[in-house]
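Per-entry structural report
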Amino acid sequence: MSKADLLEAWHGHLTNGRRRSPHTVRAYTVAARRLIEATDAQDFATLAQVDTARLRSHLAERRQDGLSNASVARELSALKSFLGFAREQAGLDERAAPRLRGPRIKKGLPRPVTPDDAVGLAETVSEQAQVEWIGARDRAVLLLLYGAGLRIAEALSLRFEDAPLGDRLTVTGKGSKQRVVPILPLVRDAVAEYLRLQPFAVGPEDALFRGAKGGPLSQGMVQKAVAQARIALGLPATATPHALRHSFATHLLGAGADLRSLQELLGHASLGSTQIYTKVDAATMLDAYRTAHPRAHSRADD
């Protein structure tokens, strides 16, 4: 096999076998290409010999390129998955792939996660699940939080009669107040994939999202899955399911959405509850300014 053949097989596995998003396929393929080039591997048997020490050395070299702890943690997650696939292709035990812990991430002030990290959380939760339909379920729930701005309780209150999702969804929020939210194709497709895979016989009034034993899915199970995923991605403890709803609001506001429209999408009873996102967005912009502006770290004379 050539290096291109190795990448093509990995790309096909992610796209067709695991049905990962284009974002994840792109990031995981780039990470795999770097490792293939660093090891000069021509087949999966060679890649299967990459041990913990070699993987640690590779990541140390990547860190010299200026990668942050969070970026290193994300690349490590991609490479663990790739090396597990390589071992499987070589006829070896996938579970024996290198088990290297990611770097510790310094805790900071609560911040909305980036769009890439929001999708990355959903993809990583799916990848870490031991059962395919459970991974599809958790991915669908998280994309509803980020892609439609739902509270976790609102997502888990959906019924089978609400599916299949269309372009819009009527949601019952706090105080039994209903609102209509748009549904992105990515979110709609994720829910459809979960419905295709879930194994239970259910009625229209039953909860849409089911637990492993067939009962309604609990918030605690979603929170546990996200906690494991954010460790793998090197995200702070503030990257919770509810943070995805906050990110939905902050990113819309940053893209030019007005407060009244955002209030309706979030289901806030008062505009005051929505105005907090102007402060969050201002904090995000100030943080970006301090990081990127050439004079941010020097005292101006004027």
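Keep in mind that what you see is a predicted model, and the values were worked out from it rather than measured.

1. Here's the deal with the overall build of the chain
- Per the secondary structure count, the chain includes 13 helices and two strands.
- Taking all 302 residues of the chain together, 43% fall into the buried category.
- For the chain, the share of sequence-separated contacts (at least 6 apart) that also reach a separation of at least 24 residues comes to 63%.
- Just so you have it, the chain exposes about 15,900 Å², and 52% of that area is on carbon and sulfur atoms.

2. Description of the nonpolar core
- Within the largest apolar cluster, 47 residues are counted, with the highest numbers of intra-cluster contacts made by Leu 121, Leu 142, Leu 144, Leu 150, Ile 183, Phe 209 and Leu 244.
- Of all the secondary structure elements, the ones that give two or more residues to this core are α6 (115-128), α7 (132-148), α8 (152-156), β1 (168-172), α9 (185-197), α10 (219-233), α11 (241-254) and α12 (259-266).
- If you tally residues by element for this core, the top one is α7, at 11 residues.
- Once residues within four sequence positions are removed from consideration, Leu 244 is found in contact with Val 113, Ala 118, Leu 121, Leu 142, Leu 145 and Tyr 146.
- Leu 7, Val 72, Leu 76 and Ala 86 belong to the second-largest nonpolar core, a separate cluster that totals 25 residues.

3. Some thoughts on helix α4 (residues 52-63)
- Between its first and last C-alpha, α4 extends 16 Å over 12 residues, near the 16 Å set by a 1.5 Å rise per residue.
- For α4, the elements touching its buried residues are α2 (22-39) and α5 (69-89).

4. Observations concerning the packing of aromatic side chains
- For the structure shown, the criterion picks out seven aromatic pairs.
- Ring centres of Trp 10 and Phe 85 lie 5.3 Å apart, and the angle between their planes is 40°; this geometry places the pair in the tilted category. Of this pair, Trp 10 sits in helix α1 (residues 3-17) while Phe 85 sits in helix α5; the two residues are 75 residues apart in sequence, bridging distant segments of the chain.
- Of the residues examined, Phe 85 reaches a relative accessible area of 5% and is grouped as buried.
- Consider the rings of Trp 133 and Tyr 194, whose centres lie 6.4 Å apart with planes at 35°: the pair is tilted. Residue Trp 133 is located in helix α7, and its partner Tyr 194 is located in helix α9; the two are separated by 61 residues in the primary sequence.
- A relative accessible area of 0% means that Tyr 194 is categorised as buried.
- Through a chain of ring-to-ring contacts, the aromatic side chains of Trp 10, Tyr 28, Phe 44, Phe 82 and Phe 85 assemble into a single cluster.

So, how was this worked out
Residues numbered from 1 in each chain as written. Predicted model: local features only at pLDDT ≥ 70, side-chain atom pairs only at ≥ 80, totals over all residues. Heavy atoms only, no water. Helix = DSSP H or I, 4+ residues; strand = E, 2+ residues; numbered from the N terminus. Buried < 20%, exposed > 50% of the residue type's maximum accessible area, 1.4 Å probe, protein only. Contact = heavy atoms within 4.5 Å. Areas by Shrake-Rupley, 256 points an atom, 1.4 Å probe, with all protein chains shown as cover. Core = buried A, V, L, I, M, F, W, Y, C linked by side-chain atoms within 4.5 Å. Expected span 1.5 Å × (residues − 1). Phe/Tyr/Trp six-rings, centres within 6.5 Å; stacked < 30°, edge-to-face > 60°.

By themselves, these are just geometric observations and shouldn't be taken as functional.
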